[in-house]
Amino acid sequence: VALELQRLVKDPRLEQAVVQVMQVQLAQAVVDASDLRSTERATGHAAGRIEAINEFLTRLFMERERAKSD
């Protein structure tokens, strides 16, 4: 995964597209998590998605910063 992230940040258009897709997914997960009609299980699932997306974006941004410093 780290190698693919390194390649991804070398192509700004591809990185931007991936970030945009992830932001849309993050927004949908936030909406799902805050839906008052959701079951506890659905809310927990949405929270897990939020955590996973944030972790991925953090790793991507860290890799971008590492690439800038090289």
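Residues numbered from 1 in each chain as written. Predicted model: local features only at pLDDT ≥ 70, side-chain atom pairs only at ≥ 80, totals over all residues. Heavy atoms only, no water.

Trainee: Before we move on, could you go through the packing of helix α1 (residues 2-9) against helix α3 (residues 40-69) and cite the residues and values that matter?
Mentor: Between α1 and α3, the shortest axis-to-axis distance is 9 Å and the interhelical angle comes to 60°. As α1 packs across α3, the resulting crossing turns out to be right-handed. Residues Ala2, Leu5, Gln6, Leu8 and Val9 of α1 pack against Phe56, Arg59, Leu60, Glu63, Arg64 and Ala67 of α3. Within the contact of α1 with α3, the residues separate by chemical class into 7 nonpolar, 1 polar and 3 charged. (Axes fitted to C-alpha atoms, helices over the stretch in contact; angles between N-to-C directions. Helix = DSSP H or I, 4+ residues; strand = E, 2+ residues; numbered from the N terminus. Left-handed = near helix turned anticlockwise from the far one by under 90°. Contact = heavy atoms within 4.5 Å. Nonpolar A, V, L, I, M, F, W, Y, C, P; charged D, E, K, R; others polar.)

Trainee: Kindly report on the environment of Glu63, identifying the contributing residues and their values.
Mentor: If you trace the backbone, Glu63 turns up in helix α3. The exposure class assigned to Glu63 is buried, which follows from its relative accessible area of 7%. (Buried < 20%, exposed > 50% of the residue type's maximum accessible area, 1.4 Å probe, protein only.)

Trainee: Talk me through α1; I want residue IDs and the actual numbers.
Mentor: For α1, the set of buried residues is Leu5, Leu8 and Val9. Burial along α1 is one-sided: seen end-on, the buried residues are contained in an arc of 90°. Projecting away from the buried face of α1 at angles above 90 degrees are the exposed residues Leu3 and Arg7. (Arc of directions from axis to C-beta.)

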